Amino acid sequence: MIVESAFQGSKVFERGGPYIELYKASGRDAKRDERLNTSGMLIGFEFLGRNFPLEPKTAFYDWLYIRALVENPHFADQLDRYRGFTDIAFNPKRSINCQARSAALYQAFKNRPDASRIFQDWDWYFKLISDHSKPSFSNGTDSDHQLSLLL
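Every chain is numbered independently, its residues counted from 1 as its sequence is written. At least 70 in pLDDT is required for a residue's local features to be given in this predicted model, at least 80 for side-chain atom pairs to be given and counted, and no such filter applies to totals for whole chains, interfaces and linings, which use all residues. Side-chain metrics rest on all non-hydrogen atoms present in the structure, leaving aside hydrogens and water.

So, the overall build of the chain
Move 1: Elements are defined by DSSP. Helices are runs of H or I of four residues or more, strands are runs of E of two residues or more, and each kind is numbered from the N terminus. What the chain contains, in helices and strands, is eight helices and five strands.
Move 2: Listing the helices and strands of the chain from first to last along the sequence gives α-β-α-α-β-β-α-α-α-α-α-β-β.
Move 3: Across the 151 residues that make up the chain, the buried fraction comes to 38%.
Move 4: Contacts in the chain between residues at least 24 apart in sequence constitute 53% of all its contacts with a sequence separation of at least 6.
Move 5: Computed with a 1.4 Å probe, the accessible areas rest on the Shrake-Rupley method; for each residue, only the protein chains presented here act as cover. For the chain, the accessible surface area stands at approximately 9700 Å², while carbon and sulfur atoms represent 52% of it. Only protein chains enter the accessibility calculation, which uses a 1.4 Å probe; a residue whose area is less than 20% of its type maximum is buried, one above 50% is exposed, and one in between is partly exposed. Contact definition: two residues touch when any of their heavy atoms are within 4.5 Å.

Section: helix H6 (residues 99-110)
Move 1: The span expected for a helix works out to 1.5 Å for each residue beyond the first. For H6, spanning 12 residues, the distance from its first C-alpha to its last is 16 Å, which sits close to the expected 16 Å at 1.5 Å a residue.
Move 2: Inspection of H6 places Ala 100, Ser 102, Ala 103, Leu 105, Tyr 106, Gln 107 and Phe 109 among the buried residues, and these make up the whole buried set.

Points about the packing of aromatic side chains
Move 1: Ring geometry is summarised as follows: Phe, Tyr and Trp rings, the Trp one being its six-membered ring, pair when their centres sit within 6.5 Å, and such pairs are stacked at plane angles under 30 degrees, edge-to-face over 60 and tilted between the two. Inspection of the entire model under this criterion finds 16 aromatic pairs.
Move 2: Pairing Phe 7 with Phe 45 gives two aromatic rings, centres 5.2 Å apart and planes at 35°, and the pair type is tilted. One end of the pair, Phe 7, is in helix H1 (residues 3-9); the other, Phe 45, is in strand E2 (residues 42-47), and 38 residues separate them in sequence. As far as burial versus exposure is concerned, Phe 7 and Phe 45 are alike and both buried.
Move 3: As a reminder, the over-ring test applies to NZ of lysine and CZ of arginine, requiring each to be within 6 Å of the ring centre and within 35 degrees of the ring normal. Here Arg 35 stacks its cationic end above the ring of Tyr 19, 4.2 Å away from the centre of that ring.

What about a positive patch on the surface?
Move 1: Residues Arg 28, Lys 31, Arg 32 and Arg 94 make up a contiguous surface patch of positive charge.
Move 2: Within the secondary structure, Arg 32 is located in the loop between helix H2 (27-31) and helix H3 (35-38).
Move 3: Given the relative accessible area of 58%, Arg 32 is considered exposed. Like-charged residues within 9 Å of one another, or nonpolar side chains (Val, Leu, Ile, Met, Phe, Trp, Tyr) within 5 Å, are grouped into patches, provided each residue has over 30% relative accessible area and no salt bridge. Here, a salt bridge means any Lys or Arg side-chain nitrogen found within 4 Å of an Asp or Glu carboxyl oxygen. In this tally, Asp and Glu contribute negative charge and Lys and Arg positive charge; neither His nor the terminal groups of the chain are included. A charged residue contributes its charge at one atom only: NZ of Lys, CZ of Arg, CG of Asp or CD of Glu.

Some points on the nonpolar core
Move 1: Ranked by internal contacts, the top residues of the largest apolar core, which has 28 residues, are Phe 109 and Tyr 125.
Move 2: For this core, the elements supplying multiple residues, two or more each, are H1, E2, helix H4 (59-71), H6, helix H7 (115-120) and helix H8 (122-133).
Move 3: If one sorts the elements of this core by residue count, H4 sits on top with eight residues.
Move 4: Note on terminology: a nonpolar core comprises buried Ala, Val, Leu, Ile, Met, Phe, Trp, Tyr and Cys residues joined through side-chain atoms within 4.5 Å. With six residues, the next largest nonpolar core counts Leu 22, Ala 25, Ala 30 and Leu 36 among its residues.

Regarding the environment of Ser 10
Move 1: Looking at where Ser 10 falls in the secondary structure, it is placed in the loop between H1 and strand E1 (11-13).
Move 2: Filtering out sequence-adjacent residues up to four positions away, Ser 10 remains in contact with Pro 18, Tyr 23, Gly 44, Phe 45, Glu 46, Phe 47 and Phe 60.
Move 3: Here a polar contact is taken to be a pair of N or O atoms separated by no more than 3.5 Å, where protein atoms must pair a possible hydrogen donor with a possible acceptor and residues adjacent in sequence count only if both atoms sit in side chains. Polar contacts involving the side chain of Ser 10 include one to the main-chain carbonyl oxygen of Ala 6, which spans 2.6 Å.

Quick notes on unusual backbone geometry
Move 1: Cis geometry marks the peptide bond from Gly 17 to Pro 18; its omega dihedral reads 0°.
Move 2: With respect to the element layout, Pro 18 can be found in the loop between E1 and H2.
Move 3: Of note, the amide linkage connecting Glu 55 to Pro 56 takes the cis form, showing an omega dihedral of -10°.
Move 4: Turning to its location among the elements, Pro 56 is positioned in the loop between strand E3 (50-52) and H4.
Move 5: Residues other than glycine seldom take positive phi values, yet Leu 48 does so here, at roughly 50°.
Move 6: Taking the relative accessible area as the measure of exposure, Leu 48 reaches 71% and is therefore exposed.

A closer look at the confidence of the model for the chain
Move 1: Per-residue confidence from the predictor is given as pLDDT, running between 0 and 100. For the chain, the average pLDDT comes to 88, and 87% of its residues sit at 70 or higher.
Move 2: Low pLDDT, under 50, characterises residues 135-151; the predicted model gives this stretch 21 contacts beyond four residues in sequence or across chains.

Written out as structure tokens, the structure reads:
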């Protein structure tokens, strides 16, 4: 299954979805399926019988991408040759998901002592990224902003 097809096919809208038949489509065809534009507001994701939230915004896509790397170690091992990632096709005006970000997350997580749990357990992964996706403020001012790092 292609990551993009799994992502598009897992979308749940006000008036439809998930459209699991898109799992078998090419990534390009899945993205262009008209139902994705005519089924109302996106309200979440459903994949393999489990519901996934919309927030944090890239969590579900990153999870799918990371899981694809875990299931295809020959691709994951190739990432070790690089120190950084970029996605020339990424357009922030049209999308929030970025393959380069997902690959970088995988690389960042893979050497953690809890890597296998992060890669296998959505709840653990979700808690980790949710706890670190919201900046904390000691007294509510921008000058006191403390950024929590994932690593």
